[in-house]
Amino acid sequence: GQQRKPQGQGQGQLQTVTFDPPPIPSGAAMRTNYQEGNVLFTGSFSHGGTQNEGRASNSSTGILEMYSTSTLRIEMVDSSLFTLKSVDLAEYSTVFADQPKTVTFIGYTEDGSGLPMQSFTTDGLIDSIGGIDDFETFNFPAHYSETAAFGGLKYVLVNTNGFAMDNLTVQSVP
């Protein structure tokens, strides 16, 4: 049979993507790609600061904003496999106040098989700068966070618009 790995061993490197520093502290820049550490984001999105009137805000300085109908793709720069642990999400703008956003992640394995969709719904509360943190932390369930369930993700697609993302925590697969 297979040898069992001792508890706590065989886990890959954790990385939290903070999107810091922003390219413009009180503005945003349109991007088609963004890399932080070994994590690569591609699509059509903005990389901005959290001190923009009318936009999602938290104690961080940089965020990713999706407000187009583009698909956001998340993968590792070195093409290695990974898992998703947690993410902070918010409505993109006060225009969406009292309008919870459902953000859907679709993970794909090395052989191209898709995992069940994972959706998170925000609370619709956004007051921009000076108020409460507009972001909520969501933890991914085992079918996205535990390699025993599927071996690891090759890439993830996010097909939702009108949301902001911060503090995406990924773990590489050893």
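Before reading on, note that the structure itself is shown above.
Residues numbered from 1 in each chain as written. Predicted model: local features only at pLDDT ≥ 70, side-chain atom pairs only at ≥ 80, totals over all residues. Heavy atoms only, no water.

Can you help me understand the overall build of the chain in this one?
Of the regular secondary structure elements, the chain holds two helices and eleven strands. Reading the helices (α) and strands (β) of the chain from amino to carboxyl end gives β-β-β-β-β-β-β-β-β-α-α-β-β. Each of the 174 residues in the chain was classed as buried or not, and the buried ones make up 48%. Look at the contacts in the chain between residues 6 or more apart in sequence, and 72% of them connect residues 24 or more apart. Of the roughly 8300 Å² of accessible surface on the chain, 48% is carried by carbon and sulfur atoms. (Helix = DSSP H or I, 4+ residues; strand = E, 2+ residues; numbered from the N terminus. Buried < 20%, exposed > 50% of the residue type's maximum accessible area, 1.4 Å probe, protein only. Contact = heavy atoms within 4.5 Å. Areas by Shrake-Rupley, 256 points an atom, 1.4 Å probe, with all protein chains shown as cover.)

Looking at this model, I keep getting lost on unusual backbone geometry. Mind explaining?
It is generally the case that most residues other than glycine have a negative phi and that most peptide bonds are trans. In this structure, Pro 21 follows Asp 20 across a cis peptide bond, with omega equal to -10°. Mapping Pro 21 onto the fold places it in the loop between strand 1 (14–17) and strand 2 (28–36). Phi angles above zero are rare outside glycine, and Phe 19 is one such case at about 60°. Following the sequence through the fold, Phe 19 ends up in the loop between strand 1 and strand 2. Overall, the relative accessible area of 0% leaves Phe 19 in the buried class. A positive phi angle, near 50°, is found at Asn 167, a position not held by glycine. Counting through the fold element by element, Asn 167 comes out in strand 11 (residues 163–172).

Just checking my understanding: could you explain the pairing of strand 1 for this structure?
Regular strands show a simple pattern: their side chains alternate between the two faces of the sheet. Residues Gln 15 and Val 17 of strand 1 are buried on one face, while the alternating residues Leu 14 and Thr 16, pointing to the opposite face, are not. Sheet topology note: the strand 1/strand 11 ladder contains four bridges and is antiparallel. What sits directly across from Val 17, in strand 11, is Leu 168. (Pairing = 2+ DSSP bridges.)

Explanation requested: the side chain of Thr 83 in the structure shown.
Secondary-structure assignment places Thr 83 in strand 6 (residues 82–91). Owing to a relative accessible area of 2%, Thr 83 belongs among the buried residues under this scheme. Look past the residues within four positions of Thr 83 in its chain and what remains in contact with it is Tyr 144, Ser 145, Glu 146, Thr 147, Phe 150, Leu 153, Thr 169, Val 170, Gln 171 and Val 173.

I'm lost on the packing of aromatic side chains in this one. Help?
When we look at a pair of aromatic rings, we describe it by the centre distance and by the angle of the planes. Tallied over the full model, the rule gives nine aromatic pairs. Ring centres of Phe 105 and Phe 120 lie 6.0 Å apart, and the angle between their planes is 65°; this geometry places the pair in the edge-to-face category. Taken as a pair, Phe 105 in strand 7 (residues 102–108) and Phe 120 in strand 8 (residues 118–121) lie far apart in primary sequence, 15 residues in all. Assessed through its relative accessible area of 0%, Phe 105 is described here as buried. Directly above the ring of Tyr 155 sits Arg 73, whose terminal nitrogen or CZ lies 3.8 Å from the centroid. (Phe/Tyr/Trp six-rings, centres within 6.5 Å; stacked < 30°, edge-to-face > 60°. Lys NZ or Arg CZ within 6 Å of the ring centre and 35° of its normal.)

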